[in-house]
Amino acid sequence: MDTPSNDSHHSTLIAACVWLAEGQSSQRDMLVSLQSLKIQSQQPFGIIASHRHDRPEIFEFADVVFREPLEPATKKDEQAVIEPTVPRWQFVLEQAQKRQAKVLLTGRNGIDYEMHRKKFEAAGIRLLTGATSVAALQSIEDKFSFMKHCHAHDIPVAEAWRFDNIEDLESLLDKHGHQPLCVKPITGIFAQGFWRLDTGKAAQDQYDDFEHLYFTTAKKIHYKQFINAYKNSQMVQNRPIPMLLMPYLSGQEYSIDVLCEYGEVLAAVTRHKTGKIQHIGYEQPVMDVVIPLIKAFGCDGIVSVQTKADDEGQHRVLEINSRPSGGIGYTAHSGLDLTQVGFAYWLGFTDKPTLKDSTHKISPCQIRAITTSVRVEETIAH
């Protein structure tokens, strides 16, 4: 496959480069922060970005861009181009060596890169996958394994019970159905498959049968309807989806953006929502849970953590995402831009940050996220 690169921004090589590979939703904001860092820095460096698809709204903030190889096509994927290709990690490694990249943030495909960590280290590239082993990344991704690992390290975590079929589900509901519950798949992103159930509620407070079809973003469903849908789903029968049944935690939910290295928190910014407003700052009770969590999984790079308080106000971990969150750009409003702090350190421009010093730089604030648009030109795929 011809994987084109675009060198239109710079025609000469720069001594050091950083590379942001395809992410989930934060790649553009991080590139904006890096361009701002480059303007402020007395030492020059280049910025490389890559993605599977043509994303001009992302690529406009990179000095050099690459199209990552597409995944191999399957019989069911008629849209994919069936062409021989090198693995993504190999393509990125080869190009990173040519471009003298010193730091690579892998984004959404961390495990693929982590399997070949030694090759990147041999090339002098600081690899940031969110952890430093495949086992750790797999444990982070599998929410049931994640919970068990938290228990083993005495970290407050949301309790969960796994079910793989209707018999498991009904048995768990018989045992735990006296309380408000929720369900979610063992692996997944963007709240896919998450639903609140009305177990434990009085009859007059249970969800209407039509409610989940009308108020779709509320993610609420009458528990009998969920049982019926799960029991009769052809999709579940054809492709079983391991899921978790969990107590629904009623307290405040937090998202925590964390800059870390080999299990040590170097800087972090906490945020929570009230309505449409995001409250940015540093909440010590939340961090008291996050700091040992990052150590237990050996997190490395820029990751995000979700916590939620229970009825007694105890913050409990929901999950780690082994990549930057979609809100990583919000940290710039606090006076501590985690993207800039991290990459300035990894490039060798600054000393190693400390959590104590980083926390003093945070100015708590409130922000509102807005949706904007950019014009993109149609391009012809090669």
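As shown above, the structure is provided for reference.
Because the structure is predicted, anything quoted here is derived from the model rather than measured. (Residues numbered from 1 in each chain as written. Predicted model: local features only at pLDDT ≥ 70, side-chain atom pairs only at ≥ 80, totals over all residues. Heavy atoms only, no water.)

A. A look at the overall build of the protein. Check the secondary structure of the protein and you find 14 helices and 17 strands. Its C-alpha atoms give the protein a radius of gyration of 22 Å, near enough to 21 Å, the size a compact globule of 382 residues would have. In terms of overall dimensions, the protein has a C-alpha envelope of 70 × 55 × 40 Å along the principal axes. At a minimum sequence separation of 6, the contacts of the protein that also span at least 24 residues come to 65%. Only carbon and sulfur atoms are counted for the fraction: they give 50% of the accessible area of the protein, which is about 19600 Å². Each charge sign in the protein was given a centre, from 40 positive and 47 negative side chains, and these centres are 1 Å apart. (Helix = DSSP H or I, 4+ residues; strand = E, 2+ residues; numbered from the N terminus. Rg over C-alpha atoms; globule rule 2.2 N^0.38 Å. Contact = heavy atoms within 4.5 Å. Areas by Shrake-Rupley, 256 points an atom, 1.4 Å probe, with all protein chains shown as cover. Lys, Arg positive; Asp, Glu negative; His and termini not counted. Charge placed at Lys NZ, Arg CZ, Asp CG, Glu CD.)

B. Layout of the sheet that holds strand 9 (residues 195-197). The 5 strands lie next to each other as 7-11-8-9-10, forming an open sheet whose pairing is mixed. Of all strands in the sheet, those with a lone pairing partner are strand 7 (161-163) and strand 10 (220-221), marking the two edges. Most of the contacts of helix 8 (residues 166-176) go to strand 7, to which it runs at about 150°, and overall it touches strand 7, strand 8 (181-185) and strand 11 (243-247). (Pairing = 2+ DSSP bridges. Axes fitted to C-alpha atoms, helices over the stretch in contact; angles between N-to-C directions.)

C. Broad picture of unusual backbone geometry. Phi at Lys219 takes a positive value of approximately 60°, unusual for a residue other than glycine. Tracing the backbone shows Lys219 in the loop between helix 9 (211-214) and strand 10. At Tyr262, a residue that is not glycine, the phi angle is positive and equals roughly 50°. The topology assignment puts Tyr262 in the loop between strand 12 (253-261) and strand 13 (264-274).

D. Spotlight on the nonpolar core. Residues Ile256, Val258, Leu293, Ile294, Phe297, Ile320 and Phe343 are the most contacted members of the largest nonpolar core, which totals 71 residues. Val258 has contacts with Val265, Ala267, Ala268, Val290, Ile294, Gly301, Ile302, Val303, Val305 and Leu338, leaving out every residue within four places of it along the chain. (Core = buried A, V, L, I, M, F, W, Y, C linked by side-chain atoms within 4.5 Å. Buried < 20%, exposed > 50% of the residue type's maximum accessible area, 1.4 Å probe, protein only.)

E. Looking closely at the packing of helix 8 against helix 10 (residues 223-232). Two numbers describe how helix 8 lies on helix 10: the axes approach to 10 Å, and their chain directions differ by 160°. Between helix 8 and helix 10, the angle is such that the two are roughly antiparallel. The hand of the helix 8/helix 10 crossing is left-handed. Contacts from Ile166, Leu169, Glu170 and Leu173 of helix 8 reach helix 10 at Phe226, Ile227, Tyr230 and Lys231. Its residues assigned to classes, the contact of helix 8 with helix 10 shows 6 nonpolar, no polar and 2 charged. (Parallel < 35°, antiparallel > 145°, perpendicular 65-115°, else oblique. Left-handed = near helix turned anticlockwise from the far one by under 90°. Nonpolar A, V, L, I, M, F, W, Y, C, P; charged D, E, K, R; others polar.)

F. Region of the structure containing the side chain of Lys143. With respect to the helices and strands, Lys143 occurs in helix 7 (residues 143-152). Note on Lys143: relative accessible area 10%, which makes it buried.

G. Region of interest: the packing of aromatic side chains. A complete count under the given rule lists 10 aromatic pairs for this structure. Judged by centre distance (5.8 Å) and plane angle (55°), the ring pair of Phe45 and Phe349 falls under tilted. Linking Phe45 in the loop between helix 1 (27-40) and strand 3 (46-51) with Phe349 in the loop between helix 13 (338-346) and helix 14 (355-360), this pair joins segments that are 304 residues apart in sequence. Across this residue pair, the class does not change: Phe45 and Phe349 are buried. It is Arg196 that lies over the ring of Tyr248; its NZ or CZ is 4.0 Å from the centre. (Phe/Tyr/Trp six-rings, centres within 6.5 Å; stacked < 30°, edge-to-face > 60°. Lys NZ or Arg CZ within 6 Å of the ring centre and 35° of its normal.)

H. Local environment of helix 10. Residues of helix 10 that are buried include every one of Phe226, Ile227 and Tyr230, and no others. Viewed end-on, helix 10 has its buried residues packed into an arc of 100°, placing them on one side of the element. Exposed residues lying more than 90 degrees from the buried face of helix 10 are Lys224 and Asn232. (Arc of directions from axis to C-beta.)

I. Spatial organisation of the pairing of strand 5 (residues 101-105). The element strand 5 is largely enclosed, with a buried count of 4 among its 5 residues. Judged from the 3 bridges that link them, strand 5 and strand 6 (residues 126-128) form a sheet pairing that is parallel. Paired with Val103 across the strands is Arg126, a residue of strand 6.

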